[in-house]
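One letter stands for each residue in the lines below.
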Amino acid sequence: MISSSEMTEPTTAQAPETVTAVATETEMSRERDGEEEEKIRRQKKLEEALEAKSLRRIISAYLNYPEAAEEDLKKWERSYRKLSPAHKALVPHYALKFERLKRCISTNSYFIFNMLQAFEPPIDLSQDLDGYEDSNLDCAPHEKYVLDERHDSSCQPALTNNCAHEEESKSLHDSELQKKDTNGPSPNNYSEDARNNDDRYDCDGGQLNHDHGNASLSAHDWLDPSLQTHVPLVDVDKVRCIIRNIVRDWAAEGQRERDQCYKPILDELDSLFPDRQKQSTPPSCLVPGAGLGRLALEISCLGFISQGNEFSYYMMICSSFILNYAQVPNEWTIYPWIHSNCNSLSDNDQLRPVSIPDIHPASAGITEGFSMCGGDFVEVYNESCQAGMWDAVVTCFFIDTAHNIIEYIETISKILKDGGVWINLGPLLYHFADTYGHDNEMSIELSLEDVKRVASQYGFEIEKERTIETTYTTNPRSMMQNRYYTAFWTMRKKCAITT
Ligand code: SAH
């Protein structure tokens with residue numbers, strides 16, 4: 001995939017017999033080209049530095065998870081201590097609950113730390129914004145990175161060849177982990193309960209198996225807490241959201257939600273491409289806003305060349321870990337529901353462990369060509385090489401993430417082959433509808449009727465349409481179950497657009 005920031009070389013060839021006046025003009029134009037080139041180079045560097053800053057902030061949010069979760073716990077403990085002895089006596093198990101919560105936080109932290117250990121940043125995280133004047137920053141699209149965690153496109157196979165034996169031979173030894181210990185949080189600081197018992201892990205003391213040759217101290221300096229930036233609590237909230245998303249995509253508990261959201265899409269793809277196994281090349285399907293990648297994986301397993309596209313590093317770090325590094329089903333334990341005491345039927349419900357992943361992605365039966373592509377959907381897929389490339393586009397809880405939904409529809413139409421299908425399932429809970437304090441933030445909030453009207457202008461004809469009732473990352477045992485009545489449709493691109 002060509003990154004939007006890639007450039008072609010400026011042409012500098014000239015005819016030898018050019019008269020002086022023209023030569024001067026050529027020189028001037030060459031100078032202009034040089035200046036332009038330098039400006040673009042600086043802009044590119046600035047964008048990369050901003051991206052590095054944004055990524056450091058996301059990593060810091062992950063690393064701040066234990067501290068922030070323990071802060072909450074302390075708050076709950078303080079409230080408990082304010083109870084009168086008589087009231088305290090009525091809930092004597094409460095102190096024990098706090099102890100249990102502490103262990104759950106520790107287990108979640110262990111999982112997160114292992115995930116970060118496996119992450120290989122696609123950019124140099126040490127670059128900073130020093131040397132950039134304010135005026136440069138003003139014209140740079142920095143908000144895009146800071147607010148939305150968008151980054152340049154980079155496509156890679158969703159699953160690397162994940163051979164367990166190879167992994168074992170590369171695993172870190174105790175002494176190497178000790179070295180890490182002196183530099184900050186290491187898996188040793190956290191409960192190792194996160195990794196479920198399995199003979200293979202007992203062999204090496206439950207230590208990291210996910211070296212991939214890049215777990216040296218220097219390669220992971222960015223895990224050093226002294227280099228962490230301060231993160232607002234809202235960032236740590238995003239980490240908690242990711243933990244809930246893990247249940248949706250990668251836990252047995254999420255099966256009901258996946259049946260509600262993903263199954264109708266998979267059934268539809270299955271019936272729309274009945275002869276796909278007989279074709280010399282499987283049909284291709286793109287999943288913009290792929291989240292943690294389960295839907296894209298399931299589509300791959302159905303026999304499609306499937307690509308997930310996602311622009312959030314929060315999501316990409318986690319999906320990459322599960323897709324590429326999980327070695328067995330139920331390898332890890334997390335406690336997704338500990339962060340709220342509200343609407344619990346019992347403490348045991350709140351403190352229940354969840355095993356992940358429910359399947360081993362590498363053995364799920366994917367079709368060759370399964371990939372995840374990082375980057376903003378509109379930026380990445382408006383490249384000319386993407387036009388008319390896809391047999392199907394699947395959007396699930398995605399179209400309302402747009403600043404301008406019309407741009408999404410236009411892009412989907414552009415990248416579909418004539419006769420290609422767009423399957424959608426989701427609400428219209430526009431993400432930028434209520435961004436208080438960001439008055440200039442664009443947000444086009446069309447009704448469903450208008451979405452369909454716009455789609456028809458881009459050559460789409462509705463083939464199927466219904467409402468599907470579903471939850472989104474909801475705790476199935478909570479007393480609160482928010483429901484969406486989502487729009488599910490299949491539209492076919494009839495002909496090239498005329499607008
Ligand atoms: N499809 C998944 C995730 C839905 S949430 C599911 O059903 O569980 C919407 C996802 O779209 C988020 O992961 C968000 O990071 C991603 N997203 C939002 N805007 C995007 C954009 N412009 N390009 C790519 N991904 C985007």
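For the structure itself, consult the block above.
Keep in mind the model is a prediction, meaning the values are calculated, not measured.

K.L.:
Lay out the environment of Arg256 in plain terms, naming residues and giving numbers.
P.N.:
Mapped onto the elements of the fold, Arg256 is located in helix H10 (residues 255-272). C-alpha separation for the pair Arg256 and Pro476, spaced 220 residues apart in sequence, amounts to 8.7 Å. If near-sequence neighbours (up to four positions away) are discounted, Arg256 is found in contact with Pro476 and Gln481.

K.L.:
Please provide a residue-by-residue account of the pattern of salt bridges, values included.
P.N.:
Pairing is possible between side chains that carry opposite charge, provided their charged atoms lie close to one another. Per the stated rule, a full pass over the model turns up 25 salt bridges. Glu257 is the partner of Arg248 in a salt bridge, and the nearest nitrogen-oxygen pair spans 2.9 Å. The same class applies to Arg248 and to Glu257, which are both buried. Salt-bridge contacts for Lys417 lead to Asp391; the nearest nitrogen and oxygen are separated by 3.1 Å. In this pair, Lys417 sits in strand E8 (residues 416-426) while Asp391 sits in strand E7 (residues 390-396), placing the two residues 26 residues apart along the sequence. Note on Lys417: relative accessible area 32%, which makes it partly exposed. Exposure remark for Asp391: the relative accessible area of 17% places this residue in the buried category.

K.L.:
Please set out the pairing of strand E6 (residues 371-374) residue by residue, giving values where relevant.
P.N.:
Along any regular strand, the residues point their side chains to alternate faces of the sheet. Covered by surrounding structure in E6 are Ser371 and Cys373 together with Met372 and Gly374, the residues of both alternating faces. Across four bridges, strand E3 (residues 305-310) lies against E6 in parallel orientation. Counted as the bridge partner of Gln307 is Ser371 from E6.

K.L.:
So what's going on with empty space enclosed by the protein? Which residues, and what values?
P.N.:
To find leftover empty space, a probe the size of one water molecule is rolled over the atoms. Per the counting criterion, the structure on display carries five cavities of 30 Å³ or more. Of the volumes computed, that of the largest cavity is approximately 100 Å³. Taken together, 13 residues line the largest cavity, and the ones lying closest to its centre are Glu253, Gly254, Glu257, Thr474 and Pro476. Counting only elements with at least two residues in the lining of the largest cavity, the list comes to helix H9 (233-250) and H10. Residues of the lining of the largest cavity, tallied by class, amount to three nonpolar, five polar and five charged.

K.L.:
Give a detailed account of a positive patch on the surface, specifying residues and quantitative values.
P.N.:
A contiguous patch of positive charge, built from Lys75, Arg78, Arg81 and Lys82, is present on the exposed surface. Topologically, Arg78 is positioned in helix H1 (residues 20-81).

K.L.:
Residue-level account of the packing of H9 against H10, with values.
P.N.:
Where H9 contacts H10, the two axes come as close as 8 Å, and the packing angle between them is 75 degrees. One way to sum up the angle between H9 and H10 is to call them roughly perpendicular. Residues Val247, Arg248, Asp249 and Trp250 of H9 lie in contact with H10, whose contacting residues are Glu257, Arg258, Cys261 and Tyr262. Across the contact of H9 with H10, the residue classes break down as four nonpolar, no polar and four charged.

K.L.:
Describe the pairing of E7, naming the residues involved and giving the relevant values.
P.N.:
Here E7 lies mainly inside the structure; seven of its seven residues are buried. Inspection of the sheet shows strand E2 (residues 284-288) paired to E7 by two bridges, in the parallel sense. Note that in E7 the partner of Leu286 across the bridge is Val393. Summarising the sheet, E7 and E8 pair through six bridges and their orientation is parallel. When the sheet's bridge partners are listed, Thr395 is paired in E8 with Asn424. The parallel pair E7 and E8 is bridged by helix H15 (residues 405-415), and the resulting crossover is right-handed.

K.L.:
I'd like a description of the packing of aromatic side chains, backed by residues and values.
P.N.:
Tallying each qualifying case throughout the model produces 18 aromatic pairs. Ring geometry for Phe111 and Phe321: centres 5.6 Å apart, planes at 65 degrees, overall edge-to-face. Here Phe111, found in helix H3 (residues 94-118), pairs with Phe321, found in helix H12 (residues 313-325); they are 210 residues apart in sequence, far enough to count as distant. A single burial state applies to Phe111 and to Phe321, both of which are buried. Ring-pair connections join several aromatic residues into one group, and the members of that group are Tyr110, Phe111, Phe321, Tyr325 and Trp332. One Lys or Arg, Lys88, reaches over the ring of Tyr80 and ends 5.7 Å from the middle of that ring.

K.L.:
So what about the site of the ligand? Which residues, and what values?
P.N.:
By nearness alone, 18 residues border the ligand, and Arg248, Gly289, Glu310, Asp376 and Phe377 come closest of all. Residue Cys396 places a main-chain N or O atom 2.9 Å away from a nitrogen atom belonging to the ligand. Of the residues assigned to the shell around the ligand, the class counts are nine nonpolar, six polar and three charged.

K.L.:
Tell me about H15, and please be specific about residues and values.
P.N.:
Because an α-helix packs 3.6 residues into every turn, residues spaced three or four apart end up facing the same way. Of the residues making up H15, those classed as buried are Ile405, Tyr408, Ile409, Thr411, Ile412, Ser413 and Ile415. Between the side-chain oxygen of the N-cap and the backbone nitrogen of Ile406 there are 3.0 Å, and the N-cap of H15 in question is Asn404.

Conventions used here
- Residues numbered from 1 in each chain as written.
- Predicted model: local features only at pLDDT ≥ 70, side-chain atom pairs only at ≥ 80, totals over all residues.
- Heavy atoms only, no water.
- Helix = DSSP H or I, 4+ residues; strand = E, 2+ residues; numbered from the N terminus.
- Contact = heavy atoms within 4.5 Å.
- Salt bridge = Lys/Arg side-chain N within 4 Å of Asp/Glu carboxyl O.
- Buried < 20%, exposed > 50% of the residue type's maximum accessible area, 1.4 Å probe, protein only.
- Pairing = 2+ DSSP bridges.
- 1 Å grid on protein atoms, 1.4 Å probe; cavity = no way out; pocket = protein on both sides within 12 Å on 5 of 7 lines; lining within 4 Å.
- Points joined across faces, edges and corners; volume = space filled by probe spheres on them.
- Nonpolar A, V, L, I, M, F, W, Y, C, P; charged D, E, K, R; others polar.
- Patch = residues over 30% accessible without salt bridge, like charges linked within 9 Å, V, L, I, M, F, W, Y side chains within 5 Å.
- Areas by Shrake-Rupley, 256 points an atom, 1.4 Å probe, with all protein chains shown as cover.
- Lys, Arg positive; Asp, Glu negative; His and termini not counted.
- Charge placed at Lys NZ, Arg CZ, Asp CG, Glu CD.
- Axes fitted to C-alpha atoms, helices over the stretch in contact; angles between N-to-C directions.
- Parallel < 35°, antiparallel > 145°, perpendicular 65-115°, else oblique.
- Right-handed = clockwise from strand over helix to strand, strands pointing away.
- Phe/Tyr/Trp six-rings, centres within 6.5 Å; stacked < 30°, edge-to-face > 60°.
- Lys NZ or Arg CZ within 6 Å of the ring centre and 35° of its normal.
- Near = heavy atom within 4 Å.
- Polar contact = N/O pair within 3.5 Å; in protein donor to acceptor, adjacent residues only side chain to side chain.

By themselves these figures say nothing about function.
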